[in-house]
There are 2 protein chains.
Amino acid sequence: MSLMLAEIRQQPDVLERTLRQELRGVERLRKLLADRKPRFIILAARGTSDNAAQFGRYLLEITTGIPVSLAAPSIFTLYGASVSFGDALVVAISQSGESTDTNLVLERAREQGALTIGITNEAKSSLAKLAEHVFLVRAGREKSVAATKTYSGQLMMLYLLAYALGAAIRPDDLRRIPDWASKSLDLERDIAELAPRYRFMDYTVVMGRGLNYANAFEFALKLMETCYVVAERFSSADFLHGPIAIVERSFPVFLFAPGGVTWPSMLPMLEMLKQAGAETLVITDRSNREALARKHSIGVPARLNYSGPLPEEVFTPIPYIIPAQLFAAMLAAEKGLDPDRPRGLSKITLTL
Amino acid sequence: MSLMLAEIRQQPDVLERTLRQELRGVERLRKLLADRKPRFIILAARGTSDNAAQFGRYLLEITTGIPVSLAAPSIFTLYGASVSFGDALVVAISQSGESTDTNLVLERAREQGALTIGITNEAKSSLAKLAEHVFLVRAGREKSVAATKTYSGQLMMLYLLAYALGAAIRPDDLRRIPDWASKSLDLERDIAELAPRYRFMDYTVVMGRGLNYANAFEFALKLMETCYVVAERFSSADFLHGPIAIVERSFPVFLFAPGGVTWPSMLPMLEMLKQAGAETLVITDRSNREALARKHSIGVPARLNYSGPLPEEVFTPIPYIIPAQLFAAMLAAEKGLDPDRPRGLSKITLTL
């Protein structure tokens, strides 16, 4: 068994542990932020952590109303620009904590008096030393080059950060997520049966929208690094602005399709793709019967719709990425590739 | 001849006209902004205009030090979130001015008292009515579905906006750009000779970094919508965080390679790609001899390096996108496709 698959299976434990061990620090941060609400939020990251940041961007803006920006690290590292971050909250996210350019963004921001937070899996990393407040993803050492458990752990930390910033997220809501992650893991056998169909897939498009937009990036990244599939990633809205022209008969498209406010835009997209002869596979759950009824679908065996002040699909991203991770691990195996050692990659990436 | 090719050729005139006709309004805005510097800037756009916004993000942050964020329109349109934009400058960019979701972002921001600017090619559009300040890309009607002259016109407007915000850009610097665009058009015959080599290319990666990162998105979009090539787009930094695993023997990669601060990271990337057996094509100019010396290169026949307080390659994006546009138009012709009427697209895209 690959390390990747073993680490995918650890996620319910990782999520439970991160939530339990970090909640106290989050409560302290919550009190601090009550008197010092940042004017805007900058998220700095690369690779999988940047996909988590993409999720954070939507979650934080939707639930707190504070404007959020994803940092472009080269503005600091290559251009040496001085950007005015004094009243901002700057959050660097890195599995290893050793990403030189995201660390530099954090360092510059801290010099300017910004509130800084580091989210990392490594307690002794450079990032943990640089940030004023440090939160740990309690994933244990991640050995596979393909990040999985640290991604979902980072998402959990971003829910906690939203809570600290005053969002209507309750820790009790978050306590349900590890169980939902277990439900997703129950899909392992179904996905193993599905993977051989895609043995000769050379390229694909992965689509998501809103809170699941980040998952489209992350699924595509897993397909690229473990299966060597050329995997594009788009929001269904952006896809209509040009890229849809690439779709022809038998073009494979993967879509994250929760119920809630994004579904009324996903459904016509699915119909357009069908008209064009594309083959679609939706990732959904039991609360979206219409999506489950599509010819090809993966449905998390639980009802994941939330009812309360937050968007209906707010807690779908973690349970939804797990079948996608399983799919990438299984497809890599079908293709005879080792997902733990992709060509040209190592665990810590040095930015050139 | 395709409308796309005809419109590509109009760009020197468009750029000269936009600069000349909009400068007075920009000077007025400059005076206004001297007393009312925004705390941050939000850019809202879709499709090609969003690629222009991506350029604006780098240009404005580097040259003004004001934090910039690219809006995620669904946060407003689908989630109905209320984001705090009162002291922001919100800029919506749209060729047609009829993009419902970017218009909604602008409308919400204006209700909150934000300073709003619309950049559009259509003086009578909804966007032109909604925005407090309107700047026109003077491109004339754009008839091809594939946007070209409006992209470079939008880039010109973003240079002018940087100037209005106090950047060290002088209108005299900008007056050189139409001539450089003409120099790029001189490449038309060379590119026509190059295109057949790529007749059977099914997928590719386009790379850029910093100020040319947006061009990677825009070139990839042209390849998708006019040539139906599955075209990924990455910064060379992000490409190392996973996606590089997809590169195998004969994998085609296009790179924007100006001199200046991004070149020392592009050069090792080119070497890594060569080691992996990829075939690279660089787009550069006479000021980067090392790039020009690569086996496959397109060199704008001028020296485009700027010397002064701005980054050396600050004025390369417009002259560099033109050979890419020409390449897409020529390759579409080689493939027997009509770039003016891509399958599944129309000039105004309604967001679902």
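Relevant structure appears above.
Residues numbered from 1 in each chain as written. Chains lettered and ligands numbered in written order. Predicted model: local features only at pLDDT ≥ 70, side-chain atom pairs only at ≥ 80, totals over all residues. Heavy atoms only, no water.

Participant: Teacher, can you tell me more about the environment of Lys 183 of chain B here?
Facilitator: All names here are of chain B. Here Lys 183 is to be found in helix α9 (residues 177-185). Accessibility expressed as a relative area gives 27% for Lys 183, which makes it partly exposed. Taking the C-alpha atoms as reference points, Lys 183 and Arg 289, separated by 106 residues in sequence, lie 17 Å from one another. With near-sequence residues (within four places) excluded, Lys 183 lies in contact with Val 300, Pro 301 and Ala 302. (Helix = DSSP H or I, 4+ residues; strand = E, 2+ residues; numbered from the N terminus. Buried < 20%, exposed > 50% of the residue type's maximum accessible area, 1.4 Å probe, protein only. Contact = heavy atoms within 4.5 Å.)

Participant: Just to check I follow, could you spell out unusual backbone geometry for this structure?
Facilitator: Note on backbone geometry: most residues besides glycine have negative phi, and most peptide bonds are trans. Even without being glycine, Tyr 228 of chain B reaches a positive phi, approximately 55°. Here Tyr 228 of chain B lies in the loop between α11 (213-227) and β7 (230-235).

Participant: Before we go on, may I ask you to explain the interface of chain A and chain B in this structure?
Facilitator: Frequently, the measure chosen for interface size is the accessible area that the parts lose on association. Residue-level contacts link 73 residues of chain A with 73 residues of chain B. Both sides together, the interface formed by chain A and chain B hides about 5,900 Å², and carbon and sulfur atoms give 61% of it. On inspection of chain A and its partner chain B, the count reaches eight salt bridges. With its nearest N and O atoms 2.5 Å apart, the salt bridge here joins Asp 87 of chain B to Arg 39 of chain A. Scanning the region where chain A abuts chain B turns up 30 residue pairs in polar contact (both at pLDDT 80 or more). Contributing elements (two or more residues each) for the side of chain A that touches chain B: α3 (47-64), β2 (68-70), α4 (74-77), α11 (213-227), β7 (230-235), α12 (236-239) and α13 (263-275) of chain A. It is β7 of chain A that provides the largest number of residues to the side of chain A that touches chain B, a total of six residues. (Buried area = accessible area lost by both parts, 1.4 Å probe. Salt bridge = Lys/Arg side-chain N within 4 Å of Asp/Glu carboxyl O. Polar contact = N/O pair within 3.5 Å; in protein donor to acceptor, adjacent residues only side chain to side chain.)

Participant: Mind showing me how you'd approach the relation of the copies chain A and chain B here?
Facilitator: One copy of the chain maps onto the other through a rotation about an axis followed by a shift along the same axis. Superposing chain A onto chain B requires a rotation of 180° together with a translation of 0.0 Å along the rotation axis, leaving an RMSD of 0.0 Å. Such a turn and shift between the copies fits a two-fold axis. Distance from the rotation axis, computed per C-alpha, reaches its smallest value in chain A at Ser 69 of chain A: 2.4 Å. The overlap is high: 100% of the interface residues of chain A also sit at the interface in chain B, so the same surface is used on both sides. (Least-squares fit on C-alpha atoms with pLDDT ≥ 70 in both.)

Participant: Looking at this structure, I do not really get the sheet that holds strand β2 (residues 68-70) of chain B. What am I missing?
Facilitator: Working definition: the strands of a sheet are paired by backbone hydrogen bonds and lie parallel or antiparallel to each other. All names here are of chain B. Across the sheet, which stays open at both edges, the five strands sit in the order β2-β1-β3-β4-β5 with parallel pairing between neighbours. Looking along the sheet, the strands with just one partner apiece sit at the ends: β2 and β5 (133-136). The sheet shows a mean angle of 20° between the axes of neighbouring strands, direction not considered. Of the pairings in the sheet, the one linking strand β3 (residues 88-94) to strand β4 (residues 115-120) comprises six bridges and is parallel in character. Bridge assignment links Leu 89 to a residue of β4, and that residue is Leu 115. Packing of helix α3 (residues 47-64) onto the sheet brings it into contact with β1 (40-44), β2 and β3, and relative to β2 it is tilted by some 165°. (Pairing = 2+ DSSP bridges. Axes fitted to C-alpha atoms, helices over the stretch in contact; angles between N-to-C directions.)

Participant: How do you make sense of the pattern of salt bridges when you look at a structure like this?
Facilitator: In a structure, side chains of opposite charge can pair up when their charged atoms sit close to one another. What the rule picks out here adds up to 38 salt bridges over all chains. Two residues, Glu 61 of chain A and Arg 57 of chain A, come together in a salt bridge whose shortest N-O distance is 3.5 Å. Here Glu 61 of chain A and its partner Arg 57 of chain A are both found in helix α3, four residues apart, which amounts to about one turn of the helix. Its salt-bridge partner being Glu 188 of chain B, residue Arg 9 of chain B comes within 2.6 Å of it at the nearest N-O pair. With a gap of 179 residues between them, Arg 9 of chain B in helix α1 (residues 3-9) and Glu 188 of chain B in helix α10 (residues 188-194) connect regions that are remote in the sequence.

Participant: Please explain the pairing of β7 of chain B as it appears in this structure.
Facilitator: Where a strand is regular, its side chains alternate between the two sheet faces. Residue and element names in this part refer to chain B. Taken across its six residues, β7 has six buried, putting it largely inside the fold. What you see with β7 is no split at all: Val 230, Glu 232 and Phe 234 on one side and Ala 231, Arg 233 and Ser 235 on the other are buried throughout. Judged from the six bridges that link them, strand β6 (residues 203-208) and β7 form a sheet pairing that is parallel. For Met 207, the partnering residue across the bridge sits in β7 and is Phe 234. Remark: the β6/α11/β7 crossover connection has right-handed handedness. (Right-handed = clockwise from strand over helix to strand, strands pointing away.)

Participant: What is the right way to look at the environment of Leu 33 of chain A in this model?
Facilitator: Residue and element names in this part refer to chain A. Along the polypeptide, Leu 33 turns up in helix α2 (residues 11-34). The class for Leu 33 is buried, based on a relative accessible area of 4%. Residues Leu 33 and Ala 164 lie 131 residues apart in sequence; the distance between their C-alpha atoms is 7.2 Å. Non-local contacts of Leu 33, meaning those with residues more than four positions away in its chain, are made with Pro 38, Leu 115, Ala 164 and Leu 165.

Participant: Would you mind going over the packing of α11 of chain A against helix α15 (residues 317-334) of chain A with me for this structure?
Facilitator: All names here are of chain A. It is at 9 Å that the axes of α11 and α15 come closest, and there the two elements cross at 15°. As summarised for this structure, α11 and α15 are arranged roughly parallel, according to the angle between their axes. For the element pair α11 and α15, the recorded crossing hand is right-handed. Contacts from Asn 215, Glu 218, Phe 219, Lys 222, Leu 223, Thr 226 and Cys 227 of α11 reach α15 at Pro 317, Tyr 320, Ile 321, Ala 324, Phe 327, Ala 328, Leu 331 and Ala 332. Residues that form the contact of α11 with α15 fall into these classes: 11 nonpolar, two polar and two charged. (Parallel < 35°, antiparallel > 145°, perpendicular 65-115°, else oblique. Left-handed = near helix turned anticlockwise from the far one by under 90°. Nonpolar A, V, L, I, M, F, W, Y, C, P; charged D, E, K, R; others polar.)

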